[in-house]
Amino acid sequence: MIELDVRRLMCPMPVIKTQDRIKTMAPGEHLRVTCTDPGVMQDIPAWCRINGHTVLTAEEIDHEYSLIIEVGG
Amino acid sequence: MRFRLNVEKVMATQRKAVALISGGLDSLLAAKVMLEQGVHVEGINFYTGFCVEGHTHAIRKKDKAKPKRNNALWSAEKLGIKLHIIDIIEEYKDVLINPKHGYGANMNPCLDCKIFMVGKAKEWAEENGFDFIITGEVIGQRPMSQRRETMPVISEESGADDRLLRPLCAQNLPETLPEREGWVNRDELYDFSGRTRKPQMALAQKFGFDDYAQPAGGCCFLTDKAYSVKLTDLWASRGKRDYEIDDIMLLKVGRHIRPKPHFKLIIAREEGENNFLQGYKKQFITLRTMSHKGPLTLLDGKASDEDLKLASQIVARFSQGRDAEAVDVEVTEKGVSQSYTVTPLKPDEIEPSWRV
Ligand code: SF4
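Residues numbered from 1 in each chain as written. Chains lettered and ligands numbered in written order. Predicted model: local features only at pLDDT ≥ 70, side-chain atom pairs only at ≥ 80, totals over all residues. Heavy atoms only, no water.

Caption draft 1: A look at the overall build of chain A. Of regular secondary structure, chain A possesses two helices and four strands. For chain A, the N- to C-terminal ordering of α and β elements is β-α-β-α-β-β. Computed over its C-alpha atoms, the radius of gyration of chain A comes to 11 Å, within 12% of the 11 Å expected for a compact globule of 73 residues. With the C-alpha coordinates aligned to their principal axes, the bounding extent of chain A is approximately 30 × 20 × 20 Å. Per-residue burial over chain A gives 51% buried out of 73 residues. In chain A, the share of contacts with a sequence separation of at least 24, taken over all contacts with a separation of at least 6, comes to 65%. Here chain A displays about 3400 Å² of accessible surface, and carbon together with sulfur accounts for 49% of that area. (Helix = DSSP H or I, 4+ residues; strand = E, 2+ residues; numbered from the N terminus. Rg over C-alpha atoms; globule rule 2.2 N^0.38 Å. Buried < 20%, exposed > 50% of the residue type's maximum accessible area, 1.4 Å probe, protein only. Contact = heavy atoms within 4.5 Å. Areas by Shrake-Rupley, 256 points an atom, 1.4 Å probe, with all protein chains shown as cover.)

Here it is in structure tokens:
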């Protein structure tokens, strides 16, 4: 699992960072993104749907948001 | 039979266009018109730091309950195309600080901004093997950047030249490369012009788009008067036209009061802003009322002991101790705190000219 910490960044920066990280990854690999902007709970899944990646889990713990993404082919 | 021929033609020579997607209706329609003509379209969206999309919903508490969707992502999903979001915060500074073509009604350098974005899209197209660029521009739609005279300026100065196609008003403009080469059919493009939104709304209906975004001011905070005043004030007080991303963010938050040219107070207006400003405690002098409940305040600039006393009196004014004889205010700089006991300013002692 690759980790991406984008806490304190505001949308759309977490989406941009996720996009740029995923560009360097292979299909099937997993990325965990940790954020503090609640907007990511909408924006990252939308970005994944558009670009063919899958959000495996998305959860909020103590005002932090954590999403696990499987890179698509 | 005719259908089969078309399919074969498309398969043989499917051309690729990169579409500037702002999240508004026009760019959505322009991209859709291309898709209808069998062009492969992918979207590109630029983040300048001033975009209306995003971040403010993370600050104010009342906005948190209903997070705002990102309209560029929404558009791409509606269209079924990929969207590439590009961070241009650093490069955009030069566009905003030194716009060759000047500003619009506020601090919006729309013409330079468009030239810059189309130029970036052109670079991206070259790197990614795309044939041409499309935008949702319409002649006469916007007073600064979308006029008959500015259309060729954008094409030329961006370097995109005749690889820039505006599907919504192409019939009012000279033929471009994609039209000449038959990659797209000029007869099926549009001739929209002027400020009216009716043709766009009719086309949206034809394509079955509802629920699209209709931002009043355009794509960014720079078209907003109050925001532009704050930005101009920031530059004037620093004696130079420059900014960091934190400056841009802080201009969107709180009440801004400048009692002296050399310092400004940013006072949280509600809990969400309070939490947001907490994140800046290490970078700024902070003030908080101790004897009464009150908002967190950042002090931007330099302040003498006299200044801190005045700042404390202002902060006290916005606390629950506003009518009290004395309010204790704690001032913290780089982890070191000192306390001031002050009488809150009266409402009429806060000069209207202090409010930025
Ligand atoms: S409104 Fe803002 S983003 Fe849109 S063209 Fe003008 S300066 Fe650029």
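Caption draft 2: Region of interest: the site of the ligand. For the ligand, the full set of nearby residues is Tyr92, Pro109, Cys110, Cys113, Cys219, Cys220 and Thr223 of chain B. Partitioning the shell around the ligand into residue classes produces six nonpolar, one polar and no charged. (Near = heavy atom within 4 Å. Nonpolar A, V, L, I, M, F, W, Y, C, P; charged D, E, K, R; others polar.)

Caption draft 3: Local environment of the sheet that holds strand β2 (residues 40-47) of chain B. All names here are of chain B. Read across the sheet, five strands follow the order β3-β2-β1-β4-β5 without closing on themselves; strand pairing throughout is parallel. Unpaired on one side and paired on the other, β3 (83-87) and β5 (164-165) mark the two borders of the sheet. Note: strand β4 (residues 132-134) against β5, two bridges, orientation parallel. When the bridges of β5 are listed, Ile133 appears paired with Leu164. This element, helix α6 (residues 110-128), spans β1 (16-20), β2, β3, β4 and β5 of the sheet and lies at about 150 degrees to β1. (Pairing = 2+ DSSP bridges. Axes fitted to C-alpha atoms, helices over the stretch in contact; angles between N-to-C directions.)

Caption draft 4: Main features of helix α13 (residues 305-317) of chain B. Residue and element names in this part refer to chain B. Taking 1.5 Å of rise per residue, the 13 residues of α13 would be expected to cover 18 Å, and the 19 Å separating its terminal C-alpha atoms lies within 8% of that figure. The set of residues buried in α13 consists of Asp307, Leu308, Leu310, Ala311, Ser312, Ile314, Val315, Ala316 and Arg317. In this structure, the buried side of α13 is in contact with β6 (255-260), β7 (263-267), β8 (285-289), β9 (297-301), β10 (327-333) and β11 (336-342). (Expected span 1.5 Å × (residues − 1).)

Caption draft 5: How the structure looks around the environment of Phe207 of chain B. Residues and elements named next belong to chain B. Tracing the chain through its elements places Phe207 in helix α9 (residues 198-207). Residue Phe207 is classed as buried on the basis of its relative accessible area of 15%. Each C-alpha atom, one on Phe207 and one on Glu36, is 9.9 Å from the other, the two residues being 171 residues apart in sequence. In this structure Phe207 touches Leu29, Lys32, Val33 and Glu36, once residues within four positions along its chain are discounted.

Caption draft 6: Representation of the interface of chain B and chain A in the model. The interface is formed by 27 residues belonging to chain B together with 18 residues belonging to chain A. Counting each side, the surface lost to burial between chain B and chain A is near 1800 Å², with a carbon and sulfur contribution of 63%. The largest per-residue losses of area from chain B upon contact with chain A belong to Leu73, Glu77 and Ile85 of chain B, which jointly make up 29% of the total buried on that side. Where chain B packs against chain A, one counts one salt bridge. Glu77 of chain B serves as the salt-bridge partner of Arg49 of chain A, at 2.4 Å between the closest nitrogen and oxygen. Summed over the shared surface of chain B and chain A, the number is three residue pairs in polar contact (both at pLDDT 80 or more). (Buried area = accessible area lost by both parts, 1.4 Å probe. Salt bridge = Lys/Arg side-chain N within 4 Å of Asp/Glu carboxyl O. Polar contact = N/O pair within 3.5 Å; in protein donor to acceptor, adjacent residues only side chain to side chain.)

Caption draft 7: Region of interest: empty space enclosed by the protein. Residue and element names in this part refer to chain B. In total, this model carries one cavity of 30 Å³ or more according to the counting rule given. Leu234, Arg238, Asp247, Leu250, Leu251, Lys264, Ile266, Phe284 and Asp300 are the residues that line the largest cavity. Split by residue class, the lining of the largest cavity holds five nonpolar, no polar and four charged. (1 Å grid on protein atoms, 1.4 Å probe; cavity = no way out; pocket = protein on both sides within 12 Å on 5 of 7 lines; lining within 4 Å. Points joined across faces, edges and corners; volume = space filled by probe spheres on them.)

Caption draft 8: Structural detail: the nonpolar core. With 61 residues, the main nonpolar core has Ile44 of chain A together with Met34 and Phe132 of chain B as its most contacted residues. With seven residues, the single largest contributor to this core is helix α2 (residues 25-36) of chain B. (Core = buried A, V, L, I, M, F, W, Y, C linked by side-chain atoms within 4.5 Å.)

Caption draft 9: Spatial organisation of unusual backbone geometry. All names here are of chain A. In this model, Cys11 is joined to Pro12 through a cis peptide bond whose omega is 5 degrees. Note that Pro12 resides in the loop between β1 (2-6) and α1 (13-23). Even without being glycine, Arg8 reaches a positive phi, approximately 80 degrees. Following the sequence through the fold, Arg8 ends up in the loop between β1 and α1. Among the residues examined, Arg8 registers a relative accessible area of 47% and is labelled partly exposed.

Scope: geometric values only; no functional claims are made or implied.
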